[in-house]
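One-letter residues, chain by chain:
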Amino acid sequence: MNILVTLDSNYIYPLSVMLRSLAANCPGSRIDLYVVYASLTEDDFSRMESALGGSDHEVHRIKVDDAIFSGFPVLDRISKATYYRLLIGEILPQEIDRVLYLDPDIVINRSLEEFYNLDLKGNILAGATHLFGLLGKINLLRLGIHKHTEIYINAGVLLIDLKKWRETVTLGQILTYISKKHRTLFLADQDVVNALFADHTLAVDERLYNLDEKTALHSLKTHEWIEKNCSIVHYNGKYKPWKEGYIGTLAYLWHREEKSLLADAQREL
């Protein structure tokens, strides 16, 4: 299973919790973790390897120069590191034909095997929306893609056919698009993913593969249902379970994985 993450040192701890939950819920699966970064330390990578555990998994380092995205729009909660995933066609090994991108602010609650092997039906991406009704339509209109798709996907979870990505768009085209449209990219690289791949995206069930607090509230799913059915829980937005002031009901899943991570670390001492 090829997993892609992009981050800076600020997200090493939540990433470690995510990786621990990934390894624990995908027993028997080899995990090749591709880490795209500009500035991380040896200690950062040691923490990733420890969180994954086991000799069957491997962490692959891919260092980039973030000057390539100099001047591109970022948000308070979205750093320049999120743009790194747009480099995948150029920087990931050519022999890789499929990769699952995951944001660090995620926990894995069930096996990802079924999702990872999903039939993309000729599409480049599979992703889920977090926007319903008018909000979703506004984003589609803002990007001028309302005639091509009915959903605006959240880019925190993306199953990607790398072969088709490389055949469809070049890094030069991506950078040109950002340069021309940067004033309207209010959600940074997520807008880019939606705009460039509107015709090539398979919509998946957000309740199963990208559940956030808003979606859980909207769908009125119980914790019991989530435990049995949801594979990916995403703590997107302003409030994070590892910070004070978290608002929502799903933080217990993250803290459960955090507790397991800390227990594993204690056993290694």
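Please refer to the structure placed before this passage.
Just so it is clear, the model here is predicted, and its values are computed rather than measured.

Formed by 51 residues in total, the largest nonpolar core has its most connected members in Leu-19, Leu-33, Val-35, Met-48, Leu-100, Leu-102 and Leu-112. The element contributing the most residues to this core is helix H1 (residues 12-25), with seven residues. Those residues in contact with Leu-102 that sit more than four places away from it in its chain are Ile-3, Leu-4, Val-5, Met-18, Ile-108, Leu-112, Gly-156, Val-157 and Ile-232. Val-99, Leu-162, Ile-174 and Ile-178 belong to the second-largest nonpolar core, a separate cluster that totals 35 residues.

Another point: the sheet that holds strand S4 (residues 98-102). Taken in spatial order, the seven strands line up as S3-S2-S1-S4-S7-S6-S8 in an open sheet, and their pairing is mixed. Pairing within the sheet leaves two strands with one partner each, and these edge strands are strand S3 (58-63) and strand S8 (201-203). On average, each strand axis in the sheet is inclined to that of its neighbour by 25°, with strand direction left out of account. Bridging between strand S6 (residues 125-129) and strand S7 (residues 153-161) involves four bridges; their strand directions are antiparallel. Opposite Leu-125, over in S7, you have Ile-160 as the bridge partner. The strands touched by helix H2 (residues 42-52) within the sheet are strand S2 (32-37) and S3, with S3 carrying the most contacts at an inclination of about 150°. Here helix H8 (residues 188-196) sits on the sheet and contacts S6 and S7; the angle it forms with S7, its principal contact strand, is near 55°.

The next subject is H2. Listing the buried residues of H2 in full gives Asp-44, Phe-45, Met-48, Ala-51 and Leu-52. Down the axis of H2, the smallest arc covering the buried residues is 120°, so these residues share one side. Buried residues along H2 sit against H1, S2, S3 and helix H12 (251-268). Directly after H2, the chain includes Gly-53, whose backbone phi takes a positive value near 65°.

The periodicity of an α-helix, 3.6 residues per turn, causes residues three or four places apart in sequence to face the same way. In this model, H12 (18 residues) spans 26 Å end to end at C-alpha, consistent with the 26 Å of a helix rising 1.5 Å per residue. Ala-251, Leu-253, Trp-254, Glu-257, Glu-258 and Leu-261 are the residues of H12 that are buried. Projected onto a plane normal to the axis of H12, the buried residues spread over an arc of 160° and lie on a single side. Pointing more than 90 degrees away from the buried face of H12 are the exposed residues Lys-259, Gln-266 and Arg-267.

It is worth spelling out the packing of H1 against H12 at this point. Here H1 crosses H12 at 90°, and the two axes come no closer than 9 Å. The angle between the axes of H1 and H12 places the two elements in the roughly perpendicular class. Packed against H1, whose contacting residues are Tyr-13, Pro-14, Ser-16, Val-17, Arg-20, Ser-21 and Asn-25, the element H12 presents Trp-254, Glu-257, Glu-258, Ser-260, Leu-261, Leu-262 and Asp-264 at the interface. When the residues that make up the contact of H1 with H12 are grouped by side-chain class, the tally is six nonpolar, four polar and four charged.

Take the side chain of Arg-85 next. When you line up the elements, Arg-85 lands in the loop between S3 and helix H3 (88-91). Beyond its immediate sequence surroundings of up to four residues, Arg-85 is in contact with Leu-4, Thr-6, Tyr-101, Asp-103, Ala-155, Gly-156, Trp-165 and Asp-189.

Before going further, it helps to examine the side chain of Lys-240. With respect to the secondary-structure elements, Lys-240 resides in the loop between strand S9 (232-234) and H12. Its relative accessible area of 6% is what places Lys-240 among the buried residues. Side-chain polar atoms of Lys-240 contact the backbone oxygen of Gly-237, separated by 3.1 Å.

Strand direction decides the pairing type here: S2 and S3, joined by six bridges, are parallel. Within S3, the residue paired with Asp-32 across the bridge is Glu-58. For the handedness criterion, the β-α-β arrangement of S2, H2 and S3 is classed as right-handed.

Let us look at unusual backbone geometry. The phi dihedral of Lys-121 is positive, around 55°, even though this residue is not glycine. Here Lys-121 shows up in the loop between helix H4 (113-116) and S6. Within the chain, Leu-220 stands out as a residue other than glycine whose phi angle is a positive 55°. Structurally, Leu-220 can be placed in the loop between helix H10 (213-219) and helix H11 (223-229).

So, on to the environment of Ser-55. With respect to the helices and strands, the residue Ser-55 is situated in the loop between H2 and S3. You can call Ser-55 exposed: its relative accessible area is 73%. Residues Ser-55 and Arg-30, 25 residues apart in the sequence, show an inter-C-alpha distance of 9.3 Å.

Each value, and the rule that gives it
- Residues numbered from 1 in each chain as written.
- Predicted model: local features only at pLDDT ≥ 70, side-chain atom pairs only at ≥ 80, totals over all residues.
- Heavy atoms only, no water.
- Core = buried A, V, L, I, M, F, W, Y, C linked by side-chain atoms within 4.5 Å.
- Buried < 20%, exposed > 50% of the residue type's maximum accessible area, 1.4 Å probe, protein only.
- Helix = DSSP H or I, 4+ residues; strand = E, 2+ residues; numbered from the N terminus.
- Contact = heavy atoms within 4.5 Å.
- Pairing = 2+ DSSP bridges.
- Axes fitted to C-alpha atoms, helices over the stretch in contact; angles between N-to-C directions.
- Arc of directions from axis to C-beta.
- Expected span 1.5 Å × (residues − 1).
- Parallel < 35°, antiparallel > 145°, perpendicular 65-115°, else oblique.
- Nonpolar A, V, L, I, M, F, W, Y, C, P; charged D, E, K, R; others polar.
- Polar contact = N/O pair within 3.5 Å; in protein donor to acceptor, adjacent residues only side chain to side chain.
- Right-handed = clockwise from strand over helix to strand, strands pointing away.

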